[in-house]
Amino acid sequence: MLILTLLDAQGQASLKQWRFEREAVVRIGRAPDNQVVLDNDLISRYHLELRRVGTTGWQLLSRGTNGTFINGSRVDQGDVVDGTRLQLAQGGPLLELQLPTRLITQNPGTVQPGSGHAAAEGQLAPLKAQLAQVTDEREQLQDQLADANQDCERLRADLELLRQQCSVAALQERQAGLTARLASLQQLQATVQVEVDHLKPQAERPEAAERLRLTLGAVLADLEQQLAQGRQAEQAVQLQLQTVAQLEAHYQANQALAAQLPVEGSLTESLLDRLKQNLKDLDQELARAHEQHLQAQAKQFFYF
């Protein structure tokens, strides 16, 4: 028999008691399917297991994140004896174990009835303990899978929101606008070159020719710089489009895996932060390209 008593913080008063006659494994934690359910934020859902060893012995197996302590020392696994006090996490609940023994008197040489059944029960006890452990691990995996599914649903909702805010079609439309602006700048450059070729024969005086050469050289250099910046902006948009496509492909490829394996919340947040940063960088590139276009339009007329 195993008796567990929940004590107060001072370890003096008894708050609650549980008795176990034939259980091979006694599970303790916050989850409602434990034999001993303790509502305390310091302990884990499946914090502690007590396993029967033989007919009278018991062994401790700690699974809690915050640990299990005996006399102030953390213990992960080991035998327990009558009167052992277990503290689930520092400052957590305090349990006292009682292992009462039953004395059976009989005459010497007398065979105890049911001794064969007791021996069989002793052999089955380790198998029952293993079965309980496998069942416990399966339940923990189911909990982790449920958490992973929740993370996946949250990620799917966030990605849908990002798609609505900045769709691939909108990015492609902005890219087309940048391409058109680059073509306009290239046409303006060609027009200026034609004007240069037309004015060259008219520049007979050395002073006028030098002044014209410097003016047109500065104009052409400015146009070439604007063209280079426009090309960089277009490349940035193309890179952002590729990034969005890769992220969407990555999300689609991992949907099946996320339905079976746990997903870390931190990874989900990291992916969303990267998406938001990419969209922010894209908006900055588009703003710079738009400003360059306005500057180019302001410089389309030249006076000599």
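Residues numbered from 1 in each chain as written. Predicted model: local features only at pLDDT ≥ 70, side-chain atom pairs only at ≥ 80, totals over all residues. Heavy atoms only, no water.

Quick notes on the overall build of the protein
What counts, and what does not: Runs of H or I in DSSP of at least four residues are treated as helices and runs of E of at least two as strands, each being numbered from the N terminus. Each residue is assigned to one of three classes by its accessible area relative to the maximum for its type, calculated with a 1.4 Å probe on protein chains only: buried under 20%, partly exposed between the two thresholds, exposed over 50%. Residue contacts are counted whenever heavy atoms from the two residues lie within 4.5 Å of one another. Surface accessibility follows the Shrake-Rupley procedure with a 1.4 Å probe radius. Residue values consider only the protein chains on display as shielding.
What the protein contains, in helices and strands, is 4 helices and 11 strands. When each of the 304 residues of the protein is scored for burial, the buried share is 34%. Sequence separation of 24 or more characterises 53% of the internal contacts of the protein that already satisfy a separation of 6 or more. Carbon together with sulfur atoms contributes 52% to the accessible area of the protein, which is approximately 19,100 Å² in total.

So, the environment of W18
Mapped onto the fold, W18 is located in strand β2 (residues 14–20). Along the sequence, W18 and V36 sit 18 residues apart, while their C-alpha atoms lie 7.6 Å from each other. Discounting residues that sit within four places of it in the chain, W18 has contacts with L2, I3, L4, L6, Q35, V36, L38 and L95.

With respect to the pairing of strand β10 (residues 85–88)
To be explicit about the condition: By definition, two strands form a pair when at least two bridges between them are found by DSSP.
Burial along β10 is one-sided: the face carrying L86 and L88 is buried and the face carrying R85 and Q87 is not. Judged from the 2 bridges that link them, strand β7 (residues 68–70) and β10 form a sheet pairing that is antiparallel. Within β10, the position partnered with T68 by the bridge is L88. Summarising the sheet, β10 and strand β11 (residues 94–98) pair through 3 bridges and their orientation is antiparallel. Looking across to β11, one finds that R85 is bridged to E96. In this antiparallel pair of consecutive strands, β10 and β11, the connection spans 5 residues, and A89 shows a positive phi of 75 degrees.

A closer look at the sheet that holds strand β1 (residues 2–7)
One open sheet holds the 6 strands; their spatial order is β2-β1-β11-β10-β7-β8, and the pairing between them is antiparallel. With partners counted over all chains shown, the strands left at the sheet margins are β2 and β8 (73–74), one partner each. Where β7 meets β8, 2 bridges bridge the pair, whose relative direction is antiparallel. Across the sheet, the residue bridging to I70 is S73, located in β8.

Side note on the nonpolar core
What counts here: Residues grouped as a nonpolar core are buried Ala, Val, Leu, Ile, Met, Phe, Trp, Tyr and Cys residues, joined through side-chain atoms within 4.5 Å.
Formed by 20 residues in total, the largest nonpolar core has its most connected members in L2, L4, I28, L38 and L50. Breaking this core down by element, the ones donating at least two residues are β1, β2, β3 (25–29), β5 (48–53), β6 (57–62), β10 and β11. A per-element tally of this core places β1 first, with 3 residues. Not counting residues up to four positions away in its chain, the partners in contact with L2 are W18, R19, F20, V26, L50, W58, L97, Q98 and L99.

Description of the pattern of salt bridges
We count it as follows: The working definition used for a salt bridge is a side-chain nitrogen of Lys or Arg within 4 Å of a carboxyl oxygen of Asp or Glu.
Here the structure, examined in full by the defined rule, presents 4 salt bridges. R51 is the partner of E49 in a salt bridge, and the nearest nitrogen-oxygen pair spans 2.5 Å. Each member of the pair E49 and R51 is classed as buried. If you follow the salt bridges from partner to partner, you end up with E49, R51 and R63 in one network.

Some words on the pairing of β11
Among the 5 residues of β11, 4 are classified as buried, and the element is accordingly described as predominantly covered. Two strands pair when backbone bridges link them, and β1 and β11 are joined in this way by 5 bridges, in the antiparallel orientation. Note that in β11 the partner of I3 across the bridge is Q98.

As for the environment of D283
Along the polypeptide, D283 turns up in helix α4 (residues 265–298). With 112 residues separating them along the chain, D283 and L171 place their C-alpha atoms 9.9 Å apart.

As for the sheet that holds β6
Strand order in this open sheet of 5 strands is β4-β3-β5-β6-β9, and the pairing throughout is mixed. Since the sheet does not close on itself, it has two edges, and those belong to β4 (36–37) and β9 (77–80), each with one partner. The pairing of β3 with β4 spans 2 bridges and is parallel. When the sheet's bridge partners are listed, G29 is paired in β4 with V37.

Some remarks on the side chain of S62
Relative to the helices and strands, S62 resides in strand β6. The exposure class assigned to S62 is buried, which follows from its relative accessible area of 14%. Beyond its immediate sequence surroundings of up to four residues, S62 is in contact with H47, L48, G67, T68, V75 and D76.

Digging into the environment of L159
Its location among the elements puts L159 in helix α1 (residues 115–165). When its relative accessible area of 9% is taken as the criterion, L159 is described as buried. Each C-alpha atom of the pair L159 and L247 lies 9.7 Å from the other, and the pair is 88 residues apart in sequence.

As far as function goes, none of this settles anything; it's purely spatial.
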